[in-house]
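Survey of secondary and tertiary structure
Here is what each chain is made of, one letter per residue.
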Amino acid sequence: MDRRSFLVLLVAGCADPATGLTPQLALGPAAPTPHNPEPVINLATSGSPTFDAWLRSFYIKAVRAGLPSDLLDRELAGLTPNDRISALDSRQPEFSRPVSDYIRGVVSDDRIAIGRRRRDALPALSRIESQYGVPRDVLVAIWGLESGFGAILGDFDVIRAMATLAADGRRREFAEEQLMAALKIIGSGEFPRSRLVGSWAGAMGQTQFIPTTFLATAIDGDGDGRRDLWGSSADALASAANLLAKAGWRRGESWHREVTAPPGFDYALTEGPREIPSWWAERGVRAADGRPFSMADQQAPAELIAPSGAGGPLFLAFPNHFMIRRYNNSTAYALGVGLLAQRLGGEGQLVRDWPQETPLALTDRSDAQRALARLGFDPGAPDGIVGINTRKALREYQASRGLVADGYLSLEMVRRLRADSIGQP
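Source: prediction; values computed, not measured.

With that settled, the discussion passes to the overall build of the chain. Along its length, the chain carries 19 helices and 7 strands. Looking at the chain residue by residue over its 425 residues, the buried ones come to 52%.

Structure follows, in structure tokens:
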């Protein structure tokens, strides 16, 4: 959720430039059985045997799920994979850029200024905030990160995008579920396929909803009887508020607070216990700006996070921070939304600056994971994504070596792990 990466569809070969479809050639029906007759499938060959085999199996699955054959025949006819989508998969900036770089790009002066103008020009936000309890600045921040306040919606055909991802196989279950949902939207008559455009990962509209989320939580925010996430900012923001409210947004509570920790603090507590602020205060953790916690926040369990390690800003992440992660499951994304919302609301910059971080190559990250595994600490699969399992394993390693156990993978730490694991099986 990158669902914010938007590129123009390339249509190859003999495809119709208006539709991206190739002339129809019958593949022939699948072999039926006496007890389980299969539908007759007449679909165009795509030029990719792998894609065609997947499409046949999906067609059968979709019919069994209740989608009408005439809908499938119409929308899947001439479908071809999009090679650009395969290349873009797995390139979300939250996973490839240092958190500090990501936040600097997100919480920019330009975005703050534009966000305030767009917020103040949308009177529906007052009603949306009152109804759902989600602060307008949080909604506007999501709007800004997802689509540049409605300016960048993407132009990928969602049907073709989800079919490509499903056929590739890495995220088949997810992509097939989204493809089913997109076909249901078309079949219901709510929107034609021509309106279902979005990111390469299938996210649609000004607040970038995937098709299943659209079906479950999109709502009419402007009272015109439609839930148009593409053309109506009020619909898009009300739908985002509905999503967060359904996820469990806690009205009146913060999403995070910047804090400081004393010298000698046990950073192994990061991403660990969720305790109320007074519990953290007993361990020396204080609000960075010196202001007291609100009455609501005083009773809210919070987790300490150190996105750039002990050398960067620290935060107590309250339950609402994790509700933002339900929108996009990334610490960097949730912090970006929260920090931008605070700046939109007039709060100042962080007390502690973000450090200058060195981007780590995929080989650096995967080598560190392999080294941790060889040293007896389990980071999970060596996929190069520094997630919670890798950080947990790294904290355990750091603690075993008498280091600050903040779970932060710097280039220096990568080099240390490589050296420490030499000779290990």
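Below, the discussion takes up the side chain of Ser421. Counting through the fold element by element, Ser421 comes out in the segment after helix 19 (411-420). Look at Ser421 and you get buried, because its relative accessible area is 3%. Looking at Ser421, its side chain comes within polar contact range of the side chain of Arg374, at 3.2 Å. In this structure Ser421 touches Ala371, Arg374 and Leu375, once residues within four positions along its chain are discounted.

What follows is about the sheet that holds strand 3 (residues 256-260). Spatially, 5 strands are ordered 4-6-7-3-5 in an open sheet, and the strand pairing comes out antiparallel. Strands at the two margins of the open sheet, each flanked by one partner only, are strand 4 (274-275) and strand 5 (286-287). Here strand 3 pairs with strand 7 (residues 314-317) via 4 bridges, running antiparallel. Bridging across to strand 7, Val259 finds its partner in Leu314. Together, strand 3, strand 6 (302-305) and strand 7 form the strand contacts of helix 16 (residues 331-344), whose direction differs from that of strand 3 by roughly 95°.

Taking 1.5 Å per residue, 16 residues should reach 22 Å; helix 1 (residues 49-64) reaches 23 Å between its end C-alpha atoms and fits that length. Regarding helix 1, the residues found buried are Phe51, Asp52, Trp54, Leu55, Phe58, Tyr59, Ile60 and Ala62. Looking at the packing, one finds that the buried side of helix 1 touches helix 2 (69-76), helix 9 (158-168) and helix 10 (172-188).

Any two packed helices are characterised by how steeply their axes cross, that is the angle between the axes, and by the distance between the axes. Viewed as axis vectors pointing N to C, helix 12 (residues 233-247) and helix 15 (residues 319-327) meet at an angle of 120°, and their least axial separation amounts to 9 Å. Judged by the inter-axis angle, helix 12 sits oblique to helix 15. The interaxial crossing formed by helix 12 with helix 15 has right-handed handedness. On helix 15, the residues touching Ala240, Leu243, Leu244 and Ala247 of helix 12 are Met323, Ile324, Arg326 and Tyr327. Residue composition of the contact of helix 12 with helix 15, grouped by class: 7 nonpolar, no polar and 1 charged.

Quantified by volume, the second largest pocket comes out at close to 620 Å³. Lining the second largest pocket are 26 residues, and of these Leu339, Gln342, Gly348, Gln349 and Leu350 sit closest to its centre. Among the elements of the structure, helix 5 (99-106), strand 3 and helix 16 are those that each provide at least two residues to the lining of the second largest pocket. Looking at the lining of the second largest pocket element by element, the count peaks at 4 residues for helix 16. Here the lining of the second largest pocket is built from residues that sort into 10 nonpolar, 6 polar and 10 charged.

Turning next to the pairing of strand 6. Residues of strand 6 alternate between two faces, with Ala302 and Leu304 on one and Glu303 and Ile305 on the opposite face, all of them buried. Bridging between strand 4 and strand 6 involves 2 bridges; their strand directions are antiparallel. Bridge pairing links Arg274 to Glu303 in strand 6. Here strand 6 runs beside strand 7; their pairing, made up of 3 bridges, is antiparallel. The partner of Leu304 across the bridge, within strand 7, is Leu316.

The next thing to look at is the environment of Arg274. With respect to the helices, strands and loops of the structure, Arg274 is situated in strand 4. Judged by relative accessible area, Arg274 falls into the partly exposed class, the value being 46%. Residues contacting Arg274, with those up to four places away along its chain left out, are Pro301, Ala302, Glu303 and Phe322. Polar side-chain contacts of Arg274 include one of 3.0 Å to the side chain of Glu303.

Another aspect to go through is helix 7 (residues 124-132). In an α-helix there are 3.6 residues to a turn, and that puts residues three or four apart on one side. Of the residues making up helix 7, those classed as buried are Ala124, Leu125, Ile128 and Tyr132. Taken down its axis, helix 7 places every buried residue within 95° of arc, on the same side. Residues of helix 7 that are buried make contact with helix 6 (109-120), helix 8 (136-147) and helix 12.

Further remarks concern the nonpolar core. In summary, soluble globular proteins display a tendency toward joint burial of nonpolar side chains. Residues Trp54, Leu76, Val138, Leu139, Leu196, Phe214 and Leu244 are the most contacted members of the largest nonpolar core, which totals 91 residues. Excluding its chain neighbours within four sequence positions, the residues that come into contact with Phe214 are Ile185, Glu190, Phe191, Met204, Phe209, Arg227, Leu229 and Trp230. Core analysis: the second largest hydrophobic core is formed by 16 residues, Phe265, Ala287, Phe293 and Leu314 among them.

Moving on, we get to unusual backbone geometry. Among all residues except glycine, the phi angle is most often negative; among peptide bonds, the trans geometry is most common. Its identity is not glycine, yet Phe149 carries a phi of approximately 60°, on the positive side. In this structure, Phe149 sits in the loop between helix 8 and strand 1 (156-157). Residue classification places Phe149 among the buried residues on the basis of a relative accessible area of 4%. Although it is not a glycine, Gln208 adopts a positive phi angle of roughly 50°.

What counts, and where the lines are drawn
- Residues numbered from 1 in each chain as written.
- Predicted model: local features only at pLDDT ≥ 70, side-chain atom pairs only at ≥ 80, totals over all residues.
- Heavy atoms only, no water.
- Helix = DSSP H or I, 4+ residues; strand = E, 2+ residues; numbered from the N terminus.
- Buried < 20%, exposed > 50% of the residue type's maximum accessible area, 1.4 Å probe, protein only.
- Polar contact = N/O pair within 3.5 Å; in protein donor to acceptor, adjacent residues only side chain to side chain.
- Contact = heavy atoms within 4.5 Å.
- Pairing = 2+ DSSP bridges.
- Axes fitted to C-alpha atoms, helices over the stretch in contact; angles between N-to-C directions.
- Expected span 1.5 Å × (residues − 1).
- Parallel < 35°, antiparallel > 145°, perpendicular 65-115°, else oblique.
- Left-handed = near helix turned anticlockwise from the far one by under 90°.
- Nonpolar A, V, L, I, M, F, W, Y, C, P; charged D, E, K, R; others polar.
- 1 Å grid on protein atoms, 1.4 Å probe; cavity = no way out; pocket = protein on both sides within 12 Å on 5 of 7 lines; lining within 4 Å.
- Points joined across faces, edges and corners; volume = space filled by probe spheres on them.
- Arc of directions from axis to C-beta.
- Core = buried A, V, L, I, M, F, W, Y, C linked by side-chain atoms within 4.5 Å.

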